[in-house]
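Commentary on secondary and tertiary structure
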Amino acid sequence: MAKGKKLTDRERGQIEALSSTGMSSRAIAIKIGRSKTVVNNFFKWKDNYGKRILGEDLKLCPRVMKEEFANLHLLESTQPGN
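Residues numbered from 1 in each chain as written. Predicted model: local features only at pLDDT ≥ 70, side-chain atom pairs only at ≥ 80, totals over all residues. Heavy atoms only, no water.

1. What about helix H1 (residues 9-20)?
Using the following cut-off: Labels follow the DSSP assignment, with helices taken as runs of H or I lasting at least four residues and strands as runs of E lasting at least two, numbered in each case from the N terminus. Helices are assigned an expected span. That span is 1.5 Å times one less than the residue count. Each residue gets one of three labels from its accessible area relative to the maximum for its type: buried under 20%, exposed over 50%, partly exposed in between, using a 1.4 Å probe on protein chains only. It is the directions from the helix axis to the C-beta atoms that the arc portrays. We call two residues contacting when some pair of their heavy atoms lies within 4.5 Å.
Taking 1.5 Å of rise per residue, the 12 residues of H1 would be expected to cover 16 Å, and the 17 Å separating its terminal C-alpha atoms lies within 8% of that figure. Along H1, the residues that are buried comprise Glu11, Ile15 and Leu18. Projection of H1 onto a plane perpendicular to its axis shows the buried side chains occupying an angular sector of 75°, all on one side. Residues of H1 that are exposed and angled more than 90 degrees away from the buried face: Asp9, Arg10 and Ser20. Close packing links the buried residues of H1 with helix H2 (25-32) and helix H3 (36-44).

Structure, rendered in structure tokens:
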């Protein structure tokens, strides 16, 4: 599945402002021209929206875990003294 563009700071501000008025996620999505999924994800991950998170807070599928491990291994092998 392709990823869309991340919310801009302006869109995040709009979501916050419209939410404070009691507007629903669906109505906010229509108003700013984004999907209700991206609006709901913003509310779910508000402090970490748009950041890559690794750890217990995020369940990673085996493919992503394998890629992350490979990237970590590559970083460690390129460090001086290894």
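Now, onward.
2. Things to note about the pattern of salt bridges
Put simply, the rule reads: When a carboxyl oxygen of Asp or Glu is within 4 Å of a side-chain nitrogen of Lys or Arg, the pair counts as a salt bridge.
Summed over all chains, the structure comprises two salt bridges. Note that glutamate 11 is salt-bridged to arginine 34, the shortest N-O span being 3.1 Å. Linking glutamate 11 in helix H1 with arginine 34 in the loop between H2 and H3, this pair joins segments that are 23 residues apart in sequence. Note on arginine 34: relative accessible area 21%, which makes it partly exposed. Two residues, glutamate 16 and lysine 46, come together in a salt bridge whose shortest N-O distance is 3.5 Å. Here glutamate 16 is found in helix H1, whereas its partner lysine 46 is found in the loop between H3 and helix H4 (62-77), with 30 residues between them in sequence. Its relative accessible area of 33% is what places glutamate 16 among the partly exposed residues.

3. Here's the deal with the nonpolar core
The condition that has to hold: Only buried residues count toward a nonpolar core, which is a set of Ala, Val, Leu, Ile, Met, Phe, Trp, Tyr and Cys residues joined through side-chain atoms within 4.5 Å.
Among the nonpolar cores identified, the biggest contains 10 residues, and these are Leu7, Ile15, Leu18, Ile28, Ala29, Ile32, Val38, Val39, Phe42 and Tyr49. Those elements that place two or more of their residues in this core are H1, H2 and H3. In this view, tyrosine 49 contacts Lys6, Leu7, Arg12, Val38, Asn41 and Phe42; residues no more than four positions away in its chain are not counted.

4. Description of the side chain of glutamate 11
How we decide: Distance and chemistry together define a polar contact, namely a pair of N or O atoms within 3.5 Å, with one atom able to donate a hydrogen and the other to accept it when in protein, and with adjacent residues in sequence counting only for side-chain atoms on both sides.
For glutamate 11, a relative accessible area of 14% corresponds to the buried category. Within the local environment of glutamate 11, its side chain forms a polar contact with the side chain of arginine 34, the two groups lying 3.1 Å apart. In contact with glutamate 11, other than residues within four places in its own chain, are Lys6 and Arg34.

5. Regarding the packing of aromatic side chains
In plain terms, the rule: Only Phe, Tyr and Trp rings take part, Trp by its six-membered ring, and two of them pair if their centres are within 6.5 Å. Stacked means planes under 30 degrees apart, edge-to-face means over 60, and tilted covers everything else.
All told, the structure shown has one aromatic pair when counted by the stated rule. Their ring planes at 55° and their centres at 6.0 Å tell us that phenylalanine 42 and phenylalanine 43 sit as a pair that is tilted. You can call phenylalanine 42 buried: its relative accessible area is 3%. Judged by relative accessible area, which is 26%, phenylalanine 43 ranks as partly exposed.

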